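Geometric and topological summary
Residue-level listing of the chains:
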Amino acid sequence: MTETAVYDIEQVRAWKRELDAAPYRSYLYSYPHKTAYRPFEKPKPLSELWQDEPAESFFLYMHIPFCGARCGFCNLFTLPDKREDVHKRYVDALERQAKQWAGLVSRPFARFAIGGGTPTLLRADQLSRLFDIAEDIMGLDPSAASISVETSPETVDPQRLRILKERGTDRVSMGIQSFIEAEAAAIYRPQKPDEVRRALDLLQRFEFPLLNLDLIYGLPGQTLETWLYSLEQALSYEPGEIFLYPLYTREHTILKPGDVQGGGPEDLRMDMYLAACKRLEERGYEQFSMRRFARKNTVGHDPSKRPLAYGCQEEGMMGLGCGARSYTQHVHYASRYGVSRKATESIIADYVAAERYDHADYGFELNIEERKRRFVLKGILHSEGLPLEEYARRFGSDAFSDLPQLHLLTESGLAAIEEGILRMGREGLGYSDAIGDWLISEPVRNQMHEFVLP
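Because the structure is predicted, anything quoted here is derived from the model rather than measured.

Using the criterion set out here, one finds 17 aromatic pairs in the structure. Consider the rings of phenylalanine 66 and tyrosine 90, whose centres lie 5.3 Å apart with planes at 80°: the pair is edge-to-face. Of this pair, phenylalanine 66 sits in strand 3 (residues 66–67) while tyrosine 90 sits in helix 3 (residues 84–101), placing them 24 residues apart in sequence. Residue phenylalanine 66 is classed as buried on the basis of its relative accessible area of 1%. Taking the centre distance of 5.7 Å and the plane angle of 80° together, the rings of phenylalanine 375 and phenylalanine 395 count as edge-to-face. Of the two residues, phenylalanine 375 sits in helix 11 (residues 368–380) while phenylalanine 395 sits in helix 12 (residues 388–395), which places them 20 residues apart along the sequence. Take phenylalanine 395: its relative accessible area is 17%, and that puts it in the buried class. Among the aromatic residues, ring-to-ring pairing joins Tyr27, Tyr29, Phe243 and Tyr245 into one connected group. In this structure, lysine 165 packs its charged tip against the face of phenylalanine 208, placed 5.4 Å from the ring centre. A cation over an aromatic ring shows up here: arginine 374 above the ring of tyrosine 327, its NZ or CZ 5.0 Å from the ring centre.

For the structure on display, the rule yields one cavity of 30 Å³ or more. The calculated volume of the largest cavity comes to roughly 30 Å³. Forming the boundary of the largest cavity are Glu369, Lys372, Arg373, Tyr391, Asp402 and Leu403. Ranked by residues supplied to the lining of the largest cavity, first place goes to helix 11 with three residues.

We now examine the sheet that holds strand 18 (residues 415–418). The three strands are arranged 17-19-18 in an open sheet whose pairing can be described as antiparallel. At either end of the open sheet lies a strand with only one pairing partner, and these are strand 17 (386–387) and strand 18.

Between its first and last C-alpha, helix 9 (residues 269–282) extends 20 Å over 14 residues, near the 20 Å set by a 1.5 Å rise per residue. Those residues of helix 9 not exposed but buried are Arg269, Met270, Met272, Tyr273, Ala276, Cys277 and Leu280. The arc enclosing the buried residues of helix 9, seen along the axis, measures out at 155°, which places them on a common side. Buried-residue contacts for helix 9 involve strand 8 (210–217), helix 8 (224–235), strand 9 (241–246), strand 11 (285–287), strand 12 (292–295) and helix 15 (426–430).

Quick look at the pairing of strand 18 now. A regular strand carries its side chains on alternate faces of the sheet. For strand 18 and strand 19 (residues 421–424), the ladder comprises four bridges, and the chain directions are antiparallel. Bridging from a neighbouring strand, isoleucine 417 pairs with leucine 422 of strand 19. Between strand 18 and strand 19, which pair antiparallel in sequence order, lie two residues; one of them, glutamate 419, sits at a positive phi of approximately 55°.

Each value, and the rule that gives it
- Residues numbered from 1 in each chain as written.
- Predicted model: local features only at pLDDT ≥ 70, side-chain atom pairs only at ≥ 80, totals over all residues.
- Heavy atoms only, no water.
- Phe/Tyr/Trp six-rings, centres within 6.5 Å; stacked < 30°, edge-to-face > 60°.
- Helix = DSSP H or I, 4+ residues; strand = E, 2+ residues; numbered from the N terminus.
- Buried < 20%, exposed > 50% of the residue type's maximum accessible area, 1.4 Å probe, protein only.
- Lys NZ or Arg CZ within 6 Å of the ring centre and 35° of its normal.
- 1 Å grid on protein atoms, 1.4 Å probe; cavity = no way out; pocket = protein on both sides within 12 Å on 5 of 7 lines; lining within 4 Å.
- Points joined across faces, edges and corners; volume = space filled by probe spheres on them.
- Pairing = 2+ DSSP bridges.
- Expected span 1.5 Å × (residues − 1).
- Arc of directions from axis to C-beta.
- Contact = heavy atoms within 4.5 Å.

Take it as geometry only, folks, not as evidence of what the structure does.
Next comes the structure, spelled out in structure tokens:
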């Protein structure tokens with residue numbers, strides 16, 4: 001943490017050139033990545049995993065792994081399946097799981113999210129059941145928790161939105177990706193701009209406290225001009241929050257590396273990112289990470305609520321449903337990971353047929369070194385930054401001594417220490433995917449079985 005240089009100028013320049021050559025390596029939205037999970041040598045009783053969890057509040061997540069169609073860039077745990085009987089059997093299983101997990105809840109829930117897939121693909125009565133499970137079985141108090149639900153344009157209708165509104169949903173998140181039909185078609189997304197606008201008009205009428213919209217840059221055929229057009233179209237609806245994602249192709253995705261821009265002088269993704277940052281700043285949005293931007297002074301929840309605090313660095317996430325991840329301080333666990341239709345169908349079938357959900361048999365145990373690395377990554381990849389004194393209190397050591405490579409962030413000018421917090425600047429946040437990949441530990445890297453392509 002001293003100001004004395006640890007690396008010479010040429011080492012810093014060489015490292016920065018490596019980032020410039022491949023800024024889009026992998027989207028590290030959690031650490032360790034789920035592809036590093038493995039079967040435990042012996043199943044772990046959930047009662048033991050959760051009994052000493054120190055968090056003052058928990059995060060409840062429900063995963064609905066169904067969608068209308070798989071997009072060309074998607075490698076998430078999701079299955080294109082619109083059959084109502086399949087959905088009902090799945091929600092039945094989720095309810096059984098919740099009844100077995102309810103006794104593990106030792107803290108109130110500060111957040112509740114329903115994701116997927118597309119949760120609003122469910123019939124309205126099944127969607128309502130999810131809230132019943134959360135409240136009546138898991139003990140969620142909607143007046144003390146912020147509630148978020150994902151949706152898609154084709155599933156937005158008055159009946160479903162009325163349920164979300166009545167059950168206290170604060171944030172609705174909708175993936176749009178592009179307002180240009182040809183660009184959406186190029187990523188195998190059956191979506192027309194008129195359908196998107198219809199959905200947005202309806203969402204505005206319901207006046208949810210926070211509307212989040214997702215866009216993707218680097219699409220096949222996309223130019224800087226068409227990218228900014230889609231951004232302006234999204235901004236015309238005045239979303240409180242907007243997420244901007246660079247396009248990736250990965251193992252098992254429909255799109256292949258040769259189908260998209262990737263590397264070389266023709267790769268416009270960094271230019272698109274920087275142009276979007278500038279435009280959003282002009283429109284009054286604040287940057288919180290490489291992807292997340294929010295309108296300044298956005299509350300993000302119903303003003304009549306008083307949501308409990310839940311810190312970015314806390315654990316205590318309980319994930320219900322097939323494919324959902326759960327995080328305790330020392331163990332992360334989930335169902336097995338699949339992307340192909342065959343694998344996903346098989347994993348969902350096993351989940352639906354199961355009678356017991358009270359043991360974790362697949363996941364990752366975090367030793368002290370991995371917990372340190374997780375804390376660092378969760379800090380520096382967000383604008384909140386890495387609080388160095390908090391790190392020292394938690395781990396009894398200095399972050400820069402534990403991870404000397406952090407000096408490269410400050411010596412390259414991508415980050416700075418301000419009032420005891422290591423924060424990345426705009427350029428540094430733009431390299432988040434390369435920096436996150438760079439900081440993955442060798443044990444985790446050696447276990448990851450997904451080859452992520454730019």
